[in-house]
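Report on the structure
Here's the letter readout for the chains.
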Amino acid sequence: MSYVDEVIELVVKKNPAESEFHQAVKEVLESLRVVVEANEEKFRKDALLERLVEPERQFKFRVPWVDDKGQVQVNTGYRVQFNSAIGPYKGGLRLHPSVNIGIIKFLGFEQIFKNSLTGLPIGGGKGGCDFDPKGKSDREVMAFCQSFMTELCKYIGADTDVPAGDIGTGAREIGYMFGQYKRIRGVYEGVLTGKGLSYGGSLARTEATGYGLLYLTEELLKINGKELAGKTVAVSGSGNVAIYATQKAHQLGAKVVTVSDSTGWVYDPDGIDVDVLKEIKEVKRARLTEYKNYRPNAEYHEGKGVWTAKVDIALPCATQNELDVEDAKTLVANGCFAVCEGANMPTTLEATKYLQENGVIFAPGKAANAGGVATSALEMSQNSERLSWSFEEVDSKLQGIMVNICHNMSDAAKRYGQEGNYVLGANIAGFEKIVDAMNAQGIV
């Protein structure tokens with residue numbers, strides 16, 4: 001049995017019932033096979049892959065808090081510090097009922113390569129809790145965040161582990177967590193990113209993941225002799241990434257015609273109105289059923305179906321495994337020629353394979369959605385220097401990072417005789433830097 005197969009088997013055996021983690025490891029290691037086989041003897045002797053797939057440490061903790069009725073609620077919190085070979089752990093905090101250790105490990109593992117691809121000195125980590133902020137009052141969210149940070153603060157720090165937002169963790173939650181960290185630890189430092197502008201946040205951080213996705217998409221299309229301007233785009237999701245991906249797509253001359261949430265999806269033939277989307281999702285915190293009240297020409301559909309719209313480009317920006325092989329077949333049949341992931345692992349392995357086999361340009365999330373964490377690292381730099389850059393400065397740095405990621409993954413794929421396989425290229429480009437750092441630091 002090959003070394004790659006041995007390690008995949010070991011991961012499944014040691015981490016039962018963690019299907020998302022198994023999927024992430026398999027996807028990465030399969031694409032690294034060509035590199036591993038060229039260095040198999042040394043990698044095996046140093047147990048390099050075993051060290052790569054085993055987190056450096058992981059924490060699981062109780063989060064008790066009191067709701068508005070005086071009832072004590074108990075949630076489970078997690079933080080996985082996966083790999084610090086190239087810098088302090090960096091990765092978001094996901095607040096969602098689906099959160100479990102397997103999902104946090106999958107996200108943390110992906111984060112290692114994503115952070116490496118940015119070219120910035122940040123390692124991989126991830127955290128979260130099975131708490132659902134939806135439908136909770138501000139006081140309840142504050143009570144939860146303070147309890148969560150009371151435990152988490154023991155393990156993080158500006159030079160150790162710097163969490164950020166993720167699904168369910170927005171500016172409100174980051175603010176409450178930062179306040180509690182400062183209160184307990186007695187230090188004012190850049191321990192969280194995605195902070196408000198009045199207390200150390202970075203301009204362009206809110207827009208970064210969505211904007212970065214479009215910067216990479218535009219560059220990738222150029223490499224393949226195509227243009228973004230004038231194209232029709234399907235976006236899934238309606239959170240931060242989807243909103244700003246839609247905004248930037250419109251700025252670059254494309255037309256986004258769909259968005260979705262957990263109950264249904266919208267098709268707007270005139271192009272999604274970003275101001276309306278922000279009003280519904282950020283101000284009212286309401287469902288997309290309201291979109292038609294503002295835009296009578298739009299259609300609202302219950303349930304799945306966002307990928308049935310006839311488009312040139314698809315940008316999945318919602319959650320893991322939202323685009324399956326049947327969706328991929330529909331996209332291909334409708335003439336879609338590019339899929340770039342705005343979320344973490346939103347496309348199943350089978351769907352990814354189908355898209356690639358049918359000539360669709362496919363950019364994996366660890367490259368395409370790296371703009372958020374890249375700008376988080378820029379926020380860390382500003383905090384360390386006690387200064388603040390302009391929106392234009394940050395946006396320009398972000399665009400440069402995303403263009404570099406695009407070329408690095410393209411060049412890595414070419415180097416190994418797999419031109420156009422950007423999944424392989426992104427994984428190899430991220431992996432090479434991590435391996436160099438791990439080898440330089442000895443067996444740790």
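Cut-offs applied
- Residues numbered from 1 in each chain as written.
- Predicted model: local features only at pLDDT ≥ 70, side-chain atom pairs only at ≥ 80, totals over all residues.
- Heavy atoms only, no water.
- Pairing = 2+ DSSP bridges.
- Helix = DSSP H or I, 4+ residues; strand = E, 2+ residues; numbered from the N terminus.
- Right-handed = clockwise from strand over helix to strand, strands pointing away.
- Core = buried A, V, L, I, M, F, W, Y, C linked by side-chain atoms within 4.5 Å.
- Buried < 20%, exposed > 50% of the residue type's maximum accessible area, 1.4 Å probe, protein only.
- Domains from an automatic or database assignment.
- Contact = heavy atoms within 4.5 Å.
- Lys, Arg positive; Asp, Glu negative; His and termini not counted.
- Salt bridge = Lys/Arg side-chain N within 4 Å of Asp/Glu carboxyl O.
- UniProt positions renumbered as here; feature names shortened; annotations may be inferred.
- Axes fitted to C-alpha atoms, helices over the stretch in contact; angles between N-to-C directions.
- Parallel < 35°, antiparallel > 145°, perpendicular 65-115°, else oblique.
- Nonpolar A, V, L, I, M, F, W, Y, C, P; charged D, E, K, R; others polar.
- Polar contact = N/O pair within 3.5 Å; in protein donor to acceptor, adjacent residues only side chain to side chain.

Inspection of the sheet shows strand E6 (residues 232-235) paired to strand E7 (residues 255-260) by 3 bridges, in the parallel sense. Paired with valine 233 across the strands is valine 256, a residue of E7. Regarding topology, helix H9 (residues 240-251) serves as the crossover connection from E6 to the parallel E7, and that connection is right-handed. With 3 bridges connecting them, E6 and strand E10 (residues 313-315) associate as parallel partners. Pairing of valine 235 across the sheet is with leucine 315, part of E10.

A few words now on unusual backbone geometry. Located in the positive-phi region is alanine 17, a residue other than glycine, with phi close to 60 degrees. Counting through the fold element by element, alanine 17 comes out in the loop between helix H1 (3-14) and helix H2 (19-38). Despite not being glycine, arginine 285 shows a phi value in the positive range, around 50 degrees. Relative to the helices and strands, arginine 285 resides in the loop between helix H10 (274-283) and helix H11 (291-294).

Our focus in this paragraph is the nonpolar core. If you look at the biggest cluster of nonpolar residues, it comprises 99 residues, and the most contacted ones within it are Leu29, Leu49, Phe109, Leu216, Leu220, Leu315 and Phe431. For this core, the element with the most residues is helix H17 (residues 422-440), which contributes 10 residues. Residues from two domains meet in this core; each of domain 1 (3-185) and domain 2 (207-363) gives at least three. When neighbours within four sequence positions are excluded, phenylalanine 431 is seen to be in contact with Leu32, Val35, Phe43, Leu48, Leu49, Leu52 and Phe113.

Along the chain, glutamate 140 falls in helix H6 (residues 138-152). For the buried glutamate 140, no salt bridge exists, and the shortest N-O distance to an oppositely charged side chain is 5.1 Å, to arginine 139. Setting aside residues up to four positions removed in sequence, glutamate 140 forms contacts with Trp65, Asp67 and Asp68.

Another point: the UniProt feature "site: Important for catalysis" (unreviewed entry) in the protein chain. As recorded in UniProt, the sites labelled "site: Important for catalysis" (unreviewed entry) are Asp166. Topologically, aspartate 166 is positioned in the loop between strand E5 (161-164) and helix H7 (171-185). The residues touching aspartate 166, leaving out its near neighbours within four places in the chain, are Gly92, Leu93, Arg94, Lys126 and Asn344.

To continue, consider the packing of helix H5 (residues 101-117) against H17. Interaxial distance between H5 and H17 falls to 8 Å at its minimum, and their mutual angle equals 85 degrees. On the basis of the axis angle, H5 is roughly perpendicular to H17. For the pair formed by H5 and H17, the contact residues are Ile112, Phe113, Ser116 and Leu117 on the first element and Ala426, Asn427, Ala429, Gly430, Phe431, Lys433 and Ile434 on the second. A breakdown of the residues in the contact of H5 with H17 according to their chemical character gives 7 nonpolar, 3 polar and 1 charged.

Another aspect to go through is the environment of glutamate 173. With respect to the helices and strands, glutamate 173 occurs in helix H7. Once the C-alpha coordinates of glutamate 173 and valine 141 are considered, the two residues, 32 residues apart in sequence, prove to be 7.1 Å apart. Those residues in contact with glutamate 173, other than ones at most four positions away along the chain, are Leu95, Pro133, Val141, Cys145 and Gly168. In terms of polar contacts, glutamate 173 uses its side chain to reach the side chain of arginine 172, at 3.0 Å.

This part takes up the sheet that holds strand E8 (residues 264-267). Read across the open sheet, the 7 strands follow the order E9-E8-E7-E6-E10-E11-E12; overall the sheet is mixed. In this open sheet, the two edge strands, each paired with only one partner strand, are strand E9 (299-302) and strand E12 (361-363). Averaged over all adjacent pairs, the angle separating strand axes in this sheet is 15 degrees, with direction ignored. As judged from the 4 bridges shared by E8 and E9, these two strands associate in the antiparallel manner. Each bridged residue has a counterpart across the sheet, and for tryptophan 265 the counterpart in E9 is histidine 301.

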